[in-house]
Amino acid sequence: MEDGLSSFWGPVTSLDWCEKNYVHSSYIGEFFNTVSNVPCILLALIGLVNALRQRFEKRFSVLHLSNVILAIGSMLYHATLQHVTHQGDETPMVWEMLLYIYILHSPDWHYRSTMPTFLFLYGAAFAILHSLVRFGIGFKVHYAILCLLCIPRMYKYYIHTEDVATKRLAKLYVATISLGSLCWLFDRLLCKQVSQWYINPQGHALWHVLMGFNAYFANTFLMFCRAKQLGWNPKVVHFLGVLPYVKIQKPKTQ
């Protein structure tokens, strides 16, 4: 939205959201949309520590790191409101979804080297093309298709999971993405009305926070399912009685 203080980064060249620009600092274009990525980073780091400490497969460490990179990219984008940082936000979103596709489908893929090779080349080609072309609505359609490719396998894991706590993770995943999407749409479609309110509910910032939890719940659910496949006797426990994580007990031979 309209500028407050003068901008350190220059004129806005990226997609602008419903938060007033440069209200709190000339270095941060959208303050709440920027700082709302901090919980995403913290949750991803907690997941990363758990994956490393219990020696999960490297794919999960990479997945948690991708969540961190995505959140940092989002912070830079909302702080600067520049086209190049907007690309730095959107490109990791696609890379992250390619990682989810790999983790979900690789256990049943018979030709192990073909999938990661194809996904790597696809991600690299997208990054190059995205640096040259503004996709606009095309990016959103492309990202939605990648998300839809994950749903059937996630549902398969859900219906084959008997553990109550793990099913709860899947339900929290659905709840956070549903509520987060409503916040995103509210901020995007009703900006004129919201901008006249005394207090802006910061729908896009709420989207960031909810999607941080969404990614954490998804990752934890997938870690449990993969540990189950490998016979690592996983169970969902809670840190301080609140935050769920997967605890495993590998066979002594491993």
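Residues numbered from 1 in each chain as written. Predicted model: local features only at pLDDT ≥ 70, side-chain atom pairs only at ≥ 80, totals over all residues. Heavy atoms only, no water.

Undergrad: An account of the packing of helix α4 (residues 83–105) against helix α5 (residues 114–132) is requested, with residue identities and associated values reported.
TA: It is at 10 Å that the axes of α4 and α5 come closest, and there the two elements cross at 165 degrees. By the angle class used here, α4 and α5 are roughly antiparallel. In terms of crossing hand, the pair formed by α4 and α5 is right-handed. Of the residues in α5, those touching α4 at Q87, E90, T91, V94, W95, L98, I101, Y102 and H105 are M115, P116, L119, Y122, G123, F126, A127, H130, S131 and L132. Each residue belonging to the contact of α4 with α5 can be placed in one class, and the counts come to 12 nonpolar, six polar and one charged. (Axes fitted to C-alpha atoms, helices over the stretch in contact; angles between N-to-C directions. Helix = DSSP H or I, 4+ residues; strand = E, 2+ residues; numbered from the N terminus. Parallel < 35°, antiparallel > 145°, perpendicular 65-115°, else oblique. Left-handed = near helix turned anticlockwise from the far one by under 90°. Contact = heavy atoms within 4.5 Å. Nonpolar A, V, L, I, M, F, W, Y, C, P; charged D, E, K, R; others polar.)

Undergrad: Describe the UniProt feature "transmembrane region" (unreviewed entry) in the protein chain, with residues and values.
TA: UniProt's entry tags residues 31–50, 62–81, 118–135, 170–190 and 205–225 with the feature "transmembrane region" (unreviewed entry), counted in the numbering of this structure. Secondary structure content for residues 62–81 is 95% helix and 0% strand, while the C-alpha to C-alpha distance between its ends is 27 Å. The span residues 205–225 is 100% helical and 0% strand by assignment, and the distance between its end C-alpha atoms comes to 31 Å. (UniProt positions renumbered as here; feature names shortened; annotations may be inferred.)

Undergrad: An account of the side chain of E30 is requested, with residue identities and associated values reported.
TA: Of note, E30 is situated in the segment before α1 (31–35). Of the side chains with opposite charge, R188 lies nearest to the buried E30, which makes no salt bridge, at 7.4 Å. Engagement of the side chain of E30 in a polar contact is seen with the side chain of H78, the distance being 2.6 Å. Among all residues touching E30, those that are not within four sequence positions of it are D16, W17, E19, N21, H78 and L81. (Buried < 20%, exposed > 50% of the residue type's maximum accessible area, 1.4 Å probe, protein only. Lys, Arg positive; Asp, Glu negative; His and termini not counted. Salt bridge = Lys/Arg side-chain N within 4 Å of Asp/Glu carboxyl O. Polar contact = N/O pair within 3.5 Å; in protein donor to acceptor, adjacent residues only side chain to side chain.)

Undergrad: Lay out the environment of M223 with the relevant residues and their values.
TA: Within the secondary structure, M223 sits in helix α9 (residues 203–229). Residue classification places M223 among the buried residues on the basis of a relative accessible area of 2%.

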